[in-house]
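Here is what each chain is made of, one letter per residue.
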Amino acid sequence: MKKRKYLYRLSKVMLLGLFFPALLFFLIFWRYAFDQIEQGNEDFYENALLTYTSLLDQKIQDLERFAAEISAESRRYDSTLFKGAENLTEDAYQLYVTVNELSKKYTRSDVVEWGIYFYDIDKIITPQYAYTLDHFLYKYTGKSREKSGCGDLFSEERYSIRNILFDTTGDEEIYNRNLLAGVCTRIGKSNDRVMIFYVLSPRNISDSLAIVGGEGIAYYLLDKDSGDVLLAWGEIPEKDAGEVLASDAWKRISGIKQKVLYNIKSNYRQLSVTAYISQNSMQNDLIDWAVTIRILLLCTVFFLLIVCVVALYISYKPVYELIREIDDSDGGEFERIRNTLNGKDSKIGEQEMLILDLLVNHLIYGVPISEERIKRLGIEEAVSHYCVFLAGGYFFTNSEAEKLTQRVKEHHDARIFITDWQEENYSVVIAFLKEENISGLQEELARWLQENYVPGYALYTGRTVDKLENIQLSFRSCLSQMKKKNDKRPKGDADIPTPKEEQQKKMKEEVLAYLELHYRDSDLSQVQVADRFRISNYTLSRLFKNQVGVGFAEYLTAKRLECAKELLLTTSHSVKEVAAMAGFASENYFSRTFKLYEGVSPSTFRKK
């Protein structure tokens, strides 16, 4: 067993990691699965129905927004609703124009019908037709106003500004009803009292709110105060709606206690939704599936035991073949392999550590290098010269250092080590060379800095030395060059911008010049400009914030608006043409943006 430690550990991992967890999982599932599945199903239906009711509320909220939109637009002088309700009764042509306008501007496919009821003239106008109230009620109920149960929805007693009213078009069969939802408001120059309403069918609701899925579920929309069913849809149960709603919320199906009634409150105080989960629902299908899966899990546990044995054979065979090729020694399989490999790579590891010590301690901090450490590096035969470079103004990231190291190795048959010198804001590059000539390597480093960093970089090349213990002389010659260059700088010119600041200023000027030429192009975008100047989108945004004082989008929009205002005042082009000429993608977007910034529409601005 001592020489088969890996086989022993592998066996334990297979059994403890696969077979016993599978067996434990089966036992836990056997005991607790039904409880968890039941709770999960209940949470699913609870959350789904909450979402369902939320979307139903959103549909009614859409009616409120819709009513507010019509009310606001009716006060515009060019609206046919502007002159008021009496104008519609006096002028038949005006009534026709109004119906035609509603049909073109407010066509909706998500409701059976919508309309505007004028209290003062007792008339309903829809995008298709103009009705008397009696005619409209007869269309949906087959009864007169007095006999129709929903006739009082349109009574003046129930009128209240911005109030939401609900009623149903049917009295008998709840599955054939439509829901009436209306918002009381005022429209036109005369502030006529109106109710803007939807006629909603079960199909309108279920189709637009199909996120939950409806198999095996019956839905009941209730009047919260009276408890009356306003609307019902979904899978119709055999029982009467009243019997269903009066039943116990919990029942046993196939021996499992399940929740079958869910009562959800709407944001509107008048409404609530009750869902009935029948025998054909997904919940019951999941319970049946759980019963079947228990048997499958038991078979799976025994199958995994066989898999463990096969996996042991497959996993251990390569190790067995490997240890047959190495000398027999004490310890387990991997210890014997490790002992063999350690002898080969220990020298490499020591070399790497000593090189790092050399970089950090000897060059920068002046710690002497002993001859013994130099010998332990074992690189005197392969390397004959050493040189140090200082790159100013930038710190290499690990990925950048790795790329540069690989590039030098491929093109110059040299090995470099890169570290940073944060105290002086410099990067240190140490080169181990086979030849004394460093011009090619120096050009490579300069080219790299030119390709990747800002102009005006500082690169100092130290003298080439032939002994590793003298490499600090190369480093000191770099320091001497750096000191001479710094001493030549003018004194007291604190306002002279740094190369990076000059680059940002130059970049800003180039970008602004480019935008001056191309801002009328509607396809121009921030990403496109960033790609044009080979900078990131974030860098371009930061450049505008720091150098211009506003964001890119704000600047571009302002340029286009200035051009549009000039065109509006000096040309006879239409608003659509002006939008295209100024660089806006569409007339609607241009009008919204113009009004947002200028406070008036483009047409009004031109008239002023």
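All of these numbers come straight from a predicted model, not from anything done at the bench.

Trainee: I tried to follow a nonpolar patch on the surface on my own but got confused; where do I start?
Mentor: A surface patch of nonpolar side chains, amounting to about 500 Å² of accessible area, comprises Leu15, Leu16, Phe20, Leu23, Leu27 and Leu305. Of all the elements, helix 1 (residues 5-73) adds the most residues to the nonpolar patch, at five residues. Within the element layout of this structure, Phe20 appears in helix 1. On the basis of relative accessible area, Phe20 is assigned to the partly exposed category, the value being 41%.

Trainee: In this structure, what is going on with helix 12 (residues 471-487)? I would like to understand it.
Mentor: Helical geometry: 3.6 residues make up each α-helical turn, so side chains three or four residues apart lie on a common side. Taking 1.5 Å as the rise per residue, helix 12 with 17 residues should run 24 Å; its terminal C-alpha atoms sit 25 Å apart, in good agreement. Every buried residue belonging to helix 12 is among Ile471, Gln472, Ser474, Phe475, Ser477, Cys478 and Met482, and all of these are buried.

Trainee: Just to check I follow, could you spell out the packing of helix 16 (residues 552-570) against helix 17 (residues 575-582) for this structure?
Mentor: The description of two helices packed together rests on the angle between their axes and the distance between the axes. Axis separation between helix 16 and helix 17 bottoms out at 9 Å; the angle between their running directions is 140°. Overall, the two elements helix 16 and helix 17 adopt an arrangement that is oblique. Classified by chirality, the crossing of helix 17 by helix 16 is right-handed. When helix 16 is examined against helix 17, the residues Arg560, Cys563, Ala564, Leu567 and Leu568 are found in contact with a partner set consisting of Val578, Met581 and Ala582.

Trainee: Would you mind showing me how to read the packing of aromatic side chains here?
Mentor: For any two aromatic rings, the description comes down to two numbers: the centre-to-centre distance and the angle of the planes. A full pass over the atoms with the stated rule returns 28 aromatic pairs. Their ring planes at 20° and their centres at 4.7 Å tell us that Tyr52 and Tyr219 sit as a pair that is stacked. Of the two residues, Tyr52 is situated in helix 1 and Tyr219 in strand 7 (residues 217-223); the sequence distance between them amounts to 167 residues. Overall, Tyr52 belongs to the buried group, its relative accessible area being 3%. Here the aromatic residues Tyr117, Tyr119, Tyr129, Tyr131, Phe136, Tyr140, Phe154, Tyr159 and Phe197 are joined through ring pairs into a cluster of three or more. Arg108 extends its terminal NZ or CZ atom over the ring of Phe66, reaching a point 4.8 Å from the ring centre.

Trainee: It is not clear to me how the nonpolar core should be interpreted in this structure. Could you clarify?
Mentor: General note: in soluble globular proteins, nonpolar side chains tend to be found buried as a group. Counting 47 residues, the largest nonpolar core has Trp114, Ile116, Phe118 and Ile196 as its most contacted members. Of all the elements, helix 1 adds the most residues to this core, at nine residues. If we skip the residues at most four places from it in the chain, Ile116 touches Ile70, Leu81, Leu102, Lys123, Ile124, Ile125, Ile187, Val194, Met195, Ile196 and Phe197. Judged by nonpolar contacts, the second largest core, of 29 residues, contains Leu561, Val578, Ala579 and Phe584.

Trainee: What is the right way to read the environment of Ser541 from this model?
Mentor: Among the structural elements, Ser541 can be located in helix 15 (residues 537-548). Sequence separation between Ser541 and Ala553 is twelve residues, and the spatial gap between their C-alpha atoms is 9.1 Å.

Trainee: Looking at this structure, how should I read the environment of Ser439?
Mentor: Within the element layout of this structure, Ser439 appears in helix 11 (residues 439-452). Separated by 22 residues in sequence, Ser439 and Thr461 place their C-alpha atoms 9.8 Å apart. A distance of 2.9 Å separates the side chain of Ser439 from the side chain of Asn437, its partner in a polar contact.

Trainee: Help me understand the pairing of strand 1 (residues 113-118), please; the structure alone is not making it clear to me.
Mentor: Along a regular strand, successive side chains alternate from one face of the sheet to the other. Across the six residues of strand 1, six count as buried, placing the element largely inside the fold. The alternating pattern of strand 1 places Glu113, Gly115 and Tyr117 and Trp114, Ile116 and Phe118 on opposite faces, both of which are buried. In this sheet, strand 6 (residues 192-200) lies alongside strand 1 in antiparallel orientation, the contact comprising six bridges. Its bridge partner being in strand 6, Ile116 is matched across the sheet by Ile196. Across three bridges, the pairing between strand 1 and strand 2 (residues 123-125) is antiparallel. Each residue of the ladder has a partner; that of Phe118, found in strand 2, is Lys123. Between the antiparallel neighbours strand 1 and strand 2 lie four residues, among them Asp122 with a positive phi of about 55°.

Trainee: Would you explain the sheet that holds strand 11 (residues 261-265) in this entry?
Mentor: Strand pairing in a sheet is mediated by backbone hydrogen bonds. Such pairs are either parallel or antiparallel. Overall, antiparallel pairing links the four strands, which are arranged 8-7-12-11 in an open sheet. Every other strand in the sheet has two partners, leaving strand 8 (229-234) and strand 11 as the edge strands with one partner each. On average, each strand axis in the sheet is inclined to that of its neighbour by 20°, with strand direction left out of account. Alignment of strand 7 against strand 8, held across five bridges, turns out to be antiparallel. Across the sheet, residue Tyr219 finds its bridge partner in strand 8, namely Trp233.

Cut-offs applied
Along each chain, residue indices are assigned from 1 in the same order as the chain's sequence is written. Thresholds applied to this predicted model are a pLDDT of at least 70 for local features of residues and 80 or more for the giving and counting of side-chain atom pairs; totals over whole chains, interfaces and linings are not thresholded and use all residues. Side-chain measures were taken over the full set of non-hydrogen atoms in the model, leaving aside hydrogen atoms and water. Nonpolar side chains (Val, Leu, Ile, Met, Phe, Trp, Tyr) are joined into patches within 5 Å and like charges within 9 Å, using only residues with over 30% relative accessible area and no salt bridge. Only the protein chains shown count as covering a residue, and every accessible area follows the Shrake-Rupley method with a 1.4 Å probe. Each salt bridge in this description consists of a side-chain nitrogen of Lys or Arg and a carboxyl oxygen of Asp or Glu lying within 4 Å of one another. Labels follow the DSSP assignment, with helices taken as runs of H or I lasting at least four residues and strands as runs of E lasting at least two, numbered in each case from the N terminus. Relative accessibility decides the category of a residue: with a 1.4 Å probe and only protein chains considered, values under 20% of the type maximum give buried, values over 50% give exposed, and everything between is partly exposed. To estimate how far a helix should extend, the number of its residues minus one is multiplied by 1.5 Å. Each axis is a line fitted through C-alpha atoms, and for a helix only the stretch in contact is used; angles between axes span 0 to 180 degrees, taken between their N-to-C directions. Angle categories: roughly parallel below 35 degrees, roughly antiparallel above 145, roughly perpendicular from 65 to 115, and oblique for all the rest. Should the near helix be turned counterclockwise from the far one by less than a right angle, the crossing is left-handed, whereas a clockwise turn marks it as right-handed. A contact between two residues is defined here by any heavy atoms of the two lying within 4.5 Å. Side-chain rings of Phe, Tyr and Trp (the six-membered ring for Trp) are treated as a pair once their centres are within 6.5 Å; stacked means planes under 30 degrees apart, edge-to-face means over 60, and tilted covers the remaining angles. The rule is short: NZ of Lys or CZ of Arg within 6 Å of the ring centre and within 35 degrees of the ring normal puts a charge over the ring. To define a nonpolar core, start from buried Ala, Val, Leu, Ile, Met, Phe, Trp, Tyr and Cys residues and group those joined through side-chain atoms within 4.5 Å. We call two N or O atoms a polar contact when they sit within 3.5 Å, provided that within protein one can donate a hydrogen and the other can accept it, with sequence-adjacent residues counted only if both atoms are side-chain atoms. Strands were regarded as paired on the criterion that DSSP finds at least two bridges between them.

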